[in-house]
Amino acid sequence: MRSLIFYCVFFLTTCQLFGQSITGVDSLILLSFDSYSEHRYEEAIQLAQEALEKSEAKKDSARILKSQLYLLMAQQELNPATYDPKSIERIIPKLASRNLWKERARAHSFSANIYAFFGDLEKAISNHLSALAIYEEHEVPTGIASVYNSLSLIYYDQYDYDEAFDYARKSLALEEGVGDLGRVHTSLNNLAIIFEHTGPIDSAIFYHKHALDIAIQTKNPYSIGLSLSNLGNNYANKGDLDLAEETLLEALRIRDSLGYTRGLAYTHNRLAALYLQKNQVNLSKFHAEKSLENAEKASEVKVTRMAYERLMEVAEKSGNARDELTFLKKSIALRDSIRNESNTKEITQLMLNYDFEKKQLLDSIQNAQQMREQSLLFEERLKVERNRQLIFLISGLFLLILVILWWRRYVFIKKSNEVIEAEKDRSDKLLLNILPAEVAEELKEKGFSEARDFEEVTVIFTDFADFTQKAQHLSAKELVNELNTCFKKFDEIIASHGLEKIKTIGDAYMAAGGLNKKSEVQAVVRAALEMRDFIIQRNNNPSTPSNAKFDMRVGINTGPVVAGIVGIKKFQFDIWGDTVNTAQRMEGACELNKINISENTYAEIQDEEGLEFEYRGELEVKGKGKLKMWFVFEKNHSAA
């Protein structure tokens, strides 16, 4: 009886200790993911390694997989140079087999972010949608909101601000519904960044302030430092330099206490730019050097290039030509290396797809050959054992099999070629949507595109009068929708006249004729007249809300420009030169709903039928002195 009692006590004690051990591992795994979520990657690595060791000692395969996943995620985030989505994707089937759906969704989200970092948007979106399906199946609103936030950033990077805004708002609504303040901070920050590009700047500041309030409420130093750095940058853009300095220094203090090198690199860089604006060259140089030091520690090529540019500006301000040239060369070298990596990324992906399809095709042919050889051997044996009638029957069946195999091979080859051709067409259309045809062809053939000089290009520059004041009476959604309505129509007009759209900046719109050798000065002027007529007709339409009726100014100038591709992570075609600056000055000197042209443009179209001109005399222009200007109208026009 005593022995029985002893064994019972021993069994219960063992079970209790084992249960405590398992609970301890679960706590380590949970703490590891929490540390990862709060960007404390070294702490997350330490906790995940400890959980992994204990799980392996217990031979607990489910907890081993969880520990391995969070260890890989934290290690790669700590050192972005080790980003490898394939290592995460290899774990996903194992997580699925153990029904670890939460970790599987997180693995898909992590892989999606890494693919987005590398510019492979197709795989990024595919992984995001896989994560979204899991979260929707298990009704996890915070997970759904997280995917919405990531999709918002992808659309933001593609300049589709409507979709980016929509996903950010949906994410914010879900996060506010569950009261997850940390995630609310992320959505508010994303909305603010969208407004930094679409305007008005006051809306961006509003959302950054709201995000800062949330960060302070949750006592999250990482989020506080991020919001303060963004706010300081926006204050500087608005021209409030003293408030910008105070805010950025506080952000710097917090990020320095966290040892967050990537964040320090950005904040130091913003301070360097600010002190240049304030003509405090020594302070600017100090922060530019600190930005470079932290960027190199974090392996952040983009901020490293920005630091070189800031040091180049400091050298220029100090009159140190040698340092200016040195930093210029370093900046260009980094810019070119980033550009070449981006140029070859799409081609490399297509080649990987092609090699995969080719390998499948070869495997299919080899399998067919093996089957044929086996069937021949089998046929020979049948000749010995059976009569002629049976041999004929088997031969017929054998021929049928060959026909089926060869037909399947033909269908497979055809489908493979269609897939490759579809991928090629899609990449070509994407390039043509952001680059002129000649530049896109050169980029596909050489892998790079050189800047070009154009002797005669006509530049059109427009903006809306009193846009900032009118924007204050519109919600963010209404403002973006109204701008989109106007700019979509402008795009149609520009395309119909064979012109090239260059870019939009807030409420400003810029296009040019003469870059593709298919358009003339007259086409630019005709396009400007159509754009102006559209705005006037829209304002006269009773269905247009009164607070959404914009008056526009248009400036046109003709002359030489330099054109080429700029950018770091994605292509941007742009033009530069005094011709562009003069076109902008023509727009600034224009009256409402009129088209102001320069002397160069007037000389090209003064004899054009169907047009008439109003000489305005020589007007004083900032940075140019006095310039001759003309208003251009269609004949028999009436005053707007």
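Here, every reference points to the structure presented above.
First, a word on scope: everything that follows refers to the structure included in this document. (Residues numbered from 1 in each chain as written. Predicted model: local features only at pLDDT ≥ 70, side-chain atom pairs only at ≥ 80, totals over all residues. Heavy atoms only, no water.)

**A closer look at the packing of aromatic side chains**
Scanning the model with the defined rule gives 22 aromatic pairs in all. Ring geometry for Phe195 and Tyr207: centres 5.6 Å apart, planes at 5°, overall stacked. One end of the pair, Phe195, is in helix H10 (residues 181–198); the other, Tyr207, is in helix H11 (residues 201–218), with 12 residues separating them in the sequence. The pair Phe195 / Tyr207 is uniform in exposure class, with both members buried. Ring centres of Phe487 and Phe490 lie 6.0 Å apart, and the angle between their planes is 45°; on these two criteria the pair is classed as tilted. Linking Phe487 with Phe490, this pair stays in helix H21 (residues 476–496), spanning three residues, or about one helical turn. Look at Phe490 and you get buried, because its relative accessible area is 0%. An aromatic cluster is defined as three or more aromatic residues linked by ring pairs; in this entry it consists of Phe464, Phe467, Phe487, Phe490, Tyr509, Phe534 and Phe550. Above the face of the Phe33 ring, Arg106 is positioned so that its terminal group lies 3.6 Å from the ring centre. (Phe/Tyr/Trp six-rings, centres within 6.5 Å; stacked < 30°, edge-to-face > 60°. Helix = DSSP H or I, 4+ residues; strand = E, 2+ residues; numbered from the N terminus. Buried < 20%, exposed > 50% of the residue type's maximum accessible area, 1.4 Å probe, protein only. Lys NZ or Arg CZ within 6 Å of the ring centre and 35° of its normal.)

**Looking at the side chain of Ser284**
Along the chain, Ser284 falls in helix H15 (residues 281–297). Setting aside its immediate chain neighbours within four residues, Ser284 contacts Ala272, Tyr275, Leu276 and Val314. (Contact = heavy atoms within 4.5 Å.)

**Side note on the packing of helix H9 (residues 161–178) against H21**
Close contact between H9 and H21 brings their axes to 10 Å; oriented N to C, the two are set at 165°. Classed by the angle they form, the pair H9 and H21 counts as roughly antiparallel. By crossing handedness, the relation of H9 to H21 is classed as left-handed. On H21, the residues touching Asp162, Phe165 and Asp166 of H9 are Ala476, Lys477, Val480, Asn481 and Asn484. (Axes fitted to C-alpha atoms, helices over the stretch in contact; angles between N-to-C directions. Parallel < 35°, antiparallel > 145°, perpendicular 65-115°, else oblique. Left-handed = near helix turned anticlockwise from the far one by under 90°.)

**A look at helix H23 (residues 578–588)**
Of the residues making up H23, those classed as buried are Thr579, Val580, Thr582, Ala583, Met586 and Glu587. Down the axis, H23 shows its buried residues gathered within 165° of arc, on one side only. Buried positions along H23 lie against strand E1 (452–464), strand E3 (508–513), strand E4 (552–566), strand E5 (572–576), strand E6 (595–598) and strand E8 (625–634). (Arc of directions from axis to C-beta.)

**A closer look at the packing of helix H13 (residues 241–258) against helix H14 (residues 261–277)**
Packing of H13 against H14 leaves a shortest axis separation of 10 Å and a crossing angle of 155°. In terms of their interaxial angle, H13 and H14 are classed as roughly antiparallel. Viewed along their axes, H13 and H14 form a crossing whose handedness is left-handed. On H14, the residues that touch Leu241, Ala244, Glu245, Leu248, Leu249, Ala251, Leu252, Arg255 and Asp256 of H13 are Gly263, Leu264, Tyr266, Thr267, His268, Arg270, Leu271, Leu274, Tyr275 and Gln277. When grouped by side-chain class, the residues that make up the contact of H13 with H14 number 11 nonpolar, four polar and four charged. (Nonpolar A, V, L, I, M, F, W, Y, C, P; charged D, E, K, R; others polar.)

**Focus: the nonpolar core**
By size, the foremost hydrophobic cluster in this structure holds 35 residues, and its most contacted members are Ile460, Phe464, Phe490, Ile556 and Ile595. Listing elements by their share of this core, those giving two or more residues are E1, helix H20 (467–471), H21, E3, helix H22 (521–540), E4, E6 and E8. Take this core: its biggest share by element is 10 residues, from H22. If we skip the residues at most four places from it in the chain, Phe464 touches Leu483, Cys486, Phe487, Phe490, Asp507, Ile535, Phe550, Asp551 and Met552. Ile29, Ala48, Ala74 and Ile114 belong to the second largest nonpolar core, which has 29 residues in total. (Core = buried A, V, L, I, M, F, W, Y, C linked by side-chain atoms within 4.5 Å.)

**Notes on H10**
In this model, H10 (18 residues) spans 26 Å end to end at C-alpha, consistent with the 26 Å of a helix rising 1.5 Å per residue. For H10, the full list of buried residues reads Val184, His185, Ser187, Leu188, Asn189, Asn190, Leu191, Ala192, Ile194, Phe195 and Thr198. Where H10 is buried, its residues touch helix H8 (141–157), H9, H11, helix H12 (221–238) and H21. Gly199, located one to two residues past H10, shows a positive phi value of around 75°. (Expected span 1.5 Å × (residues − 1).)

**Here's the deal with the pattern of salt bridges**
Evaluated as defined, the whole model comprises 23 salt bridges. Residues Lys624 and Asp578 are paired through a salt bridge, measuring 1.9 Å at the closest nitrogen-oxygen approach. Taken together, the residues Lys624 in the loop between strand E7 (611–621) and E8 and Asp578 in helix H23 connect sequence positions 46 residues apart. For Lys624, a relative accessible area of 26% puts it in the partly exposed group. (Salt bridge = Lys/Arg side-chain N within 4 Å of Asp/Glu carboxyl O.)

Geometric descriptors of this kind do not, in isolation, establish any biological role.
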